[in-house]
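Okay, here's what each chain looks like letter by letter:
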Amino acid sequence: MSLHAISPGPPLDALIERIWDWDMPLAAHHLERILASPKPALIINLAEDHTRVYANDNDDSCRIGPASFFSGPYTHSFVIDTLEQQQVMGVVFRAGAALAITREPLHRLSNGDTALESLAGPSAARLRQRLLNTPQPLRRLAALEQWLRARVAMTHPDPLVTHALNILTRSPQTARIGDIAADCGVSSRRLGDLFREHVGISPKRQARLLRFRAVVDAVHQRRHVNWAAVAADCGFHDQPHLTHEFRAFSGMTPGRYIARMGPHPNHVPLA
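Computed from a predicted model, the values in this text were never measured in an experiment. (Residues numbered from 1 in each chain as written. Predicted model: local features only at pLDDT ≥ 70, side-chain atom pairs only at ≥ 80, totals over all residues. Heavy atoms only, no water.)

1. Side note on the side chain of D81
Applied cut-off: To qualify as a helix, a DSSP run of H or I must reach at least 4 residues; to qualify as a strand, a run of E must reach at least 2; elements of each kind are numbered from the N terminus. Polar contacts, as counted here, are pairs of nitrogen or oxygen atoms within 3.5 Å of one another; within protein the pair requires one atom able to donate a hydrogen and one able to accept it, and residues that are adjacent in sequence qualify only if both atoms are side-chain atoms. Residue contacts are defined here by distance: any two heavy atoms, one from each residue, within 4.5 Å place the two residues in contact.
Here D81 is to be found in strand 8 (residues 78-81). Separated by 2.9 Å, the side chains of D81 and R52 make a polar contact. Beyond its immediate sequence surroundings of up to four residues, D81 is in contact with H30, L31, R52 and Y54.

See below:
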């Protein structure tokens, strides 16, 4: 049982943060809430031939999806079933970079999961079968990286989008979209169009998500939090503003997150 992760070499390193392989015992809890994230991902379930996604933890209805799928940037949380998460592989893309793999505008893929076969054709099914037939995790990671290299349509994200994302990432608390557009030499409307194509969401929503993620990073694994101080440090008007945004992107209050959080900041054990 293990968790392995690698950072790919060039040119994939400009597009992908990490490739991971999870092979762990069944979790003690049945459901996990996944927090909103601006980073797209590719998920390949090697334990089951489908995935189950719930809108919330008190609703028995679920969406049945394929075993291999592209998960776009999410601006809301969702709930997964841990029973099918014992053996999973994944790819975490850099914001603005997934278009090189999907070859599909990201706004069409945001807030949802798209079957990998619909994006990559029969090679997606062959990839999963190869991974199923490979027992060693490091060899599985190498096979997935090889498939990604063959799939890459361009070696670098759009430089203008990358520049704008870097500005937002450095200072999501104070960055003004109009100023960023001017710095990039385009109109705010043009910047918004580029973000929807390459990032999947608007620059303003990206900034809000980055502020939320800064809060998660700041409080994860802390049991006693001065929320007023965190609100000020992360660029919120006040603590009620932080609470409102936290609920919008996580589906729970900040206090409930602290009470239920586990070892992984983006996965919250539920029941």
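2. Details of the sheet that holds strand 6 (residues 62-66)
To keep it simple, the criterion reads: When DSSP finds at least two bridges between two strands, those strands are taken to pair. Helix axes use the C-alpha atoms of the stretch in contact, all axes being lines fitted to C-alpha atoms, and the angles between their N-to-C directions lie in the range 0 to 180 degrees.
What the five strands build is an open sheet, ordered 6-5-8-3-11; its pairing is antiparallel. Looking along the sheet, the strands with just one partner apiece sit at the ends: strand 6 and strand 11 (267-269). Averaged over all pairs of adjacent strands, the angle between strand axes in this sheet comes to 35 degrees, irrespective of strand direction. Strand direction decides the pairing type here: strand 3 (residues 31-34) and strand 11, joined by three bridges, are antiparallel. By the bridge assignment for strand 11, E32 is matched with P269.

3. As for the pairing of strand 8
Here is the rule we go by: Relative accessibility thresholds used throughout: buried, under 20% of the residue-type maximum; exposed, over 50%; partly exposed, between the two (1.4 Å probe, protein chains only).
Covered by surrounding structure in strand 8 are F78 and I80 together with V79 and D81, the residues of both alternating faces. Bridging between strand 3 and strand 8 involves four bridges; their strand directions are antiparallel. Counted as the bridge partner of L31 is D81 from strand 8. Strand direction decides the pairing type here: strand 5 (residues 50-54) and strand 8, joined by two bridges, are antiparallel.

4. Things to note about the nonpolar core
Short version of the rule: For our purposes a nonpolar core is just a set of buried Ala, Val, Leu, Ile, Met, Phe, Trp, Tyr and Cys residues, chained together by side-chain atoms within 4.5 Å.
If you look at the biggest cluster of nonpolar residues, it comprises 40 residues, and the most contacted ones within it are V215, V219, W227, V230, L242, F246 and Y257. Among the secondary structure elements, those contributing two or more residues to this core are helix 5 (159-170), helix 6 (177-184), helix 7 (188-198), helix 8 (203-219), helix 9 (227-233), helix 10 (239-250) and helix 11 (254-260). Here this core takes seven residues from helix 8, the largest share from any one element. Non-local contacts of F246, meaning those with residues more than four positions away in its chain, are made with F212, V215, V216, G251, M252, T253, P254 and Y257. Counting 30 residues, the second largest nonpolar core, distinct from the first, contains L12, L42, L46 and L119.

5. Comments concerning the packing of aromatic side chains
Definition in use: Here a Phe, Tyr or Trp ring, Trp counted by its six-membered ring, pairs with any other such ring whose centre lies within 6.5 Å, and the pair is stacked when the planes are under 30 degrees apart, edge-to-face when over 60, and tilted otherwise.
Inspection of every chain in the model, using the stated rule, returns six aromatic pairs. Taking 5.9 Å as the distance between ring centres and 50 degrees as the angle between the ring planes, the aromatic pair formed by F70 and F93 counts as tilted. Taken together, the residues span a long stretch of sequence, with F70 in strand 7 (residues 68-71) and F93 in strand 9 (residues 87-93) at a distance of 23 residues. Take F70: its relative accessible area is 1%, and that puts it in the buried class. The rings of F212, W227, F246, F249 and Y257 are connected pair by pair, giving a single aromatic cluster.

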